[in-house]
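Understanding the architecture of this molecule
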Amino acid sequence: MRPNDETHNALNDLLRRQDRNGKCIWRTVGDNRVRASHAALEGDERSWVQSPEPGEEENCRCWAEVVPEIVIRKNACKDLLQNLRIERSTLEGLTNDLSKAIAKHNPALKDWQVAVKKYKEILIKYIQDASSVADPSKIGVLGTVAVLVFEYPEVQAAQEKVDAAKDRYIGIQENIAYLQKQIDQVIKEIKKLEKDKTDMKCDELI
Ligand SMILES: [Zn+2]
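Okay, so let's go over this structure. (Residues numbered from 1 in each chain as written. Predicted model: local features only at pLDDT ≥ 70, side-chain atom pairs only at ≥ 80, totals over all residues.)

Some thoughts on unusual backbone geometry
Which entries qualify depends on this criterion: Secondary structure elements are taken from DSSP: a helix is a run of H or I of four residues or more, a strand is a run of E of two residues or more, and numbering for both begins at the N terminus. In this scheme every C-beta is placed from the backbone, and a residue whose C-beta has 20 or more other C-beta atoms within 10 Å is buried, one with 12 or fewer is exposed, and one in between is partly exposed.
Pro-52 follows Ser-51 through a cis peptide bond whose omega is -5°. In this structure, Pro-52 sits in the loop between β2 (45-47) and β3 (63-67). Unusually for a residue other than glycine, Asn-59 sits at a positive phi of about 65°. Within the secondary structure, Asn-59 sits in the loop between β2 and β3. A tally of 7 C-beta atoms within 10 Å means that Asn-59 is categorised as exposed.

Written as structure tokens, this is what we have:
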């Protein structure tokens, strides 16, 4: 058919009216008079509602090749299956991360408990030392000062270890909660995609 004649335009109009949700492929006549912006669109899959439509602009000889519904459905299924593969591999990664985080959970809790125990021991020692120097007449003022100077950094260091162990433990707990939330979302997405797959009868198409 000669592009840009009455029949050609009428046919394009008819196709547009027929299936506004359908798809078409932009085709050019392929000679050197095709404007560059349209030559760039050659072979592109477009929806009918996308503007401009082939043949719509002045002196445009481009035309729309109808994409059969079965091809549209097949392509949609391919995209869906690809998304399913991506989501499933994401789920696998997240599940591995969760196992690793859970494996770290109990040792981290134990580390924290050990740090607390050591801190308490040091604190008790410090308090005993402090009470033994409560009476400066026993070891003198200098002795009291020495006890405080030498013992206090030890208490502080033990306290810092407790804080670090606690932060690490809380970090692991937060990571576990975050991963569980992500996993829930991915599972929800997979269920949705699987339902779409059934609804779209992808197993019959591909
Ligand atoms: Zn054109």
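Considerations on the sheet that holds β2
Just so we agree on the cut-off: Any two strands with at least two DSSP bridges between them are considered paired. Geometry is summarised by axes, namely lines fitted to C-alpha atoms with helices restricted to the contacting stretch, and by angles between N-to-C directions that run from 0 to 180 degrees.
With respect to topology, 3 strands assemble into an open sheet ordered β2-β1-β3, the strand pairing being antiparallel. The sheet is open, and its two borders are formed by β2 and β3, each paired with just one other strand. The average angle at which neighbouring strand axes cross in this sheet is 45°, direction not considered. Taken together, the 5 bridges between strand β1 (residues 23-27) and β3 define a ladder with antiparallel strand orientation. Paired with Lys-23 across the strands is Val-67, a residue of β3.

Details of the environment of Asn-83
Looking at where Asn-83 falls in the secondary structure, it is placed in helix α3 (residues 69-132). Taking the C-beta count within 10 Å as the criterion, Asn-83 has 16 such neighbours and is therefore assigned partly exposed. For the pair Asn-83 and Glu-189, spaced 106 residues apart in the sequence, the C-alpha separation amounts to 9.7 Å.

So, the nonpolar core
Spelled out, the test is: Buried Ala, Val, Leu, Ile, Met, Phe, Trp, Tyr and Cys residues form a nonpolar core when they are connected through C-beta atoms within 7 Å. Any pair of residues counts as being in contact when their C-beta atoms, constructed from backbone geometry, are within 7 Å of one another.
Grouped together as the largest cluster of nonpolar side chains are 13 residues, with contacts concentrated most on Trp-112, Ala-115, Val-162, Ala-165 and Tyr-169. The set of elements that each furnish at least two residues to this core consists of α3 and α4 (136-199). Here this core gets 7 residues from one element, more than from any other, and that element is α4. Sequence-distant contacts of Ala-165, defined by excluding residues within four places in its chain, comprise Asp-111, Trp-112 and Ala-115. One finds Cys-24, Trp-26, Cys-62 and Trp-63 within the second-largest nonpolar core, a separate group that totals 5 residues.

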